[in-house]
Amino acid sequence: MIIVREVAQLRQAIAERRQLGTCGAKEVHGATIQQHTVGFVPTMGYLHEGHASLMQKAREMADTVVLSIFVNPIQFGPNEDLDSYPRDEARDLEVARREGVDIVFLPTVAEMYPQPTRTKIHVSALTERLCGASRPGHFDGVTTVVAKLFNMVNPDLAFFGMKDAQQVAVLQQMVTDLNMNVTIVPCPIVREADGLALSSRNVYLSAEQREQALVLSRSLFKVREVSEDGARNTFTIHQIRQMVESTIASSPLADIDYIEILTFPGLEPLLPEQRLSDVKEDIIVALAVKFGNTRLIDNIRLQKAEVLSHV
Ligand code: PAF
């Protein structure tokens, strides 16, 4: 595994890998790709099994796997956890090695932003709801750094977890709008055995907060049950929201930031009186809830087929 900290070294290492042959033709989203493919997993480190699943998917689909670890300051607000964001480079490198990553890019802030940035990428509309509303400027920081990383790595495929479903929708929009030559591969949420979605921020939770945080997945699993139950998938969006809210409110430590039910990936609101069974698009039930100072996000995506299958 090659570890690089500078953009020039990264480009050199990738260019050398690209000169190697391909492991064979690959089926990627229905298309057959022949050339040496580069799969990219951008992260902010403190890697967990959710990140590992992205690396595994990249290993499966690409010839070369590039991992970046960079806590991107421009996606944090002034009162957010940039300084305390968990970091453990040695452990991250072990995980990367275990998952068969070829190149790890570990830039400093000065390497990524050698001069004050005067260019930002802003995706409109999709960034105005959910985390975009609670964290102003956050997605401009994400799209800007991901666009920079894409320009450095020039990947064929880039892997992102659906836990940040809004991030997936926003990046997909950016790639389409700017004709970026990369395929975004969304990967499923990875959960602990008890349902808690994996997140680097889970380490901030006390034992009691962690226990109570299980209401998040529990509330979302109830939505899944309802959507799959012919007798109950006639619930309205308002009823579904109330069900999620009352489940979360049963935890005294939970402080709800948002619970939203939107189309995916368009992130358009649904009418409260609309019945689940009448919705013609994929839906996402997304939530952000604080436990003490730790803000957790989670979501469930209901694909049209699942909602309609029992109608
Ligand atoms: O999802 C993350 O960890 C970050 O938002 C990303 C995509 C690595 C950009 O900093």
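- With an unreviewed UniProt entry as reference, the protein chain is termed Pantothenate synthetase, source organism Paenibacillus farraposensis.
- Quoted straight from UniProt, the Pathway (unreviewed entry) entry for the protein chain says "Cofactor biosynthesis; (R)-pantothenate biosynthesis; (R)-pantothenate from (R)-pantoate and beta-alanine: step 1/1."
- The UniProt entry for the protein chain carries the following text under Sequence similarities (unreviewed entry): "Belongs to the pantothenate synthetase family."

## Digging into the environment of Asp 81
Okay, so step 1: As for its position among the elements, Asp 81 is in the loop between β5 (64-69) and α3 (89-98).
Okay, so step 2: A C-alpha to C-alpha distance of 9.1 Å links Asp 81 and Thr 294, two positions 213 residues apart in sequence.
Okay, so step 3: Sequence-distant contacts of Asp 81, that is, excluding residues within four places in its chain, are made with Phe 76, Arg 201 and Tyr 204.

## Topic: the site of the ligand
Okay, so step 1: Lining the immediate environment of the ligand, one finds Pro 42, Thr 43, Met 44, Asn 72, Gln 75, Val 142, Val 145, Val 146, Phe 160, Asp 164 and Gln 167.
Okay, so step 2: Separating an oxygen atom of the ligand from a side-chain N or O atom of Gln 167 is a distance of 2.8 Å.
Okay, so step 3: In the complex, the protein chains occlude 89% of the 280 Å² of accessible area that the ligand would expose alone.
Okay, so step 4: With three residues, the single largest contributor to the shell around the ligand is helix α6 (residues 138-153).
Okay, so step 5: Grouping the constituent residues of the shell around the ligand by class yields six nonpolar, four polar and one charged.

## A look at the packing of helix α9 (residues 214-228) against helix α10 (residues 237-249)
Okay, so step 1: The contact between α9 and α10 brings their axes to 8 Å, and the two run at 150°. In terms of orientation, α9 and α10 fall into the roughly antiparallel class. Relative to α10, α9 is oriented so that their crossing is right-handed. Each of Val 215, Leu 216, Ser 219, Lys 222, Val 223 and Val 226 in α9 lies in contact with α10, whose residues at this interface are Ile 240, Met 243, Val 244, Thr 247 and Ile 248.
Okay, so step 2: For the contact of α9 with α10, a count of residues per class yields eight nonpolar, two polar and one charged.

Procedures and definitions
Residues numbered from 1 in each chain as written. Predicted model: local features only at pLDDT ≥ 70, side-chain atom pairs only at ≥ 80, totals over all residues. Heavy atoms only, no water. UniProt positions renumbered as here; feature names shortened; annotations may be inferred. Helix = DSSP H or I, 4+ residues; strand = E, 2+ residues; numbered from the N terminus. Contact = heavy atoms within 4.5 Å. Near = heavy atom within 4 Å. Polar contact = N/O pair within 3.5 Å; in protein donor to acceptor, adjacent residues only side chain to side chain. Areas by Shrake-Rupley, 256 points an atom, 1.4 Å probe, with all protein chains shown as cover. Nonpolar A, V, L, I, M, F, W, Y, C, P; charged D, E, K, R; others polar. Axes fitted to C-alpha atoms, helices over the stretch in contact; angles between N-to-C directions. Parallel < 35°, antiparallel > 145°, perpendicular 65-115°, else oblique. Left-handed = near helix turned anticlockwise from the far one by under 90°.

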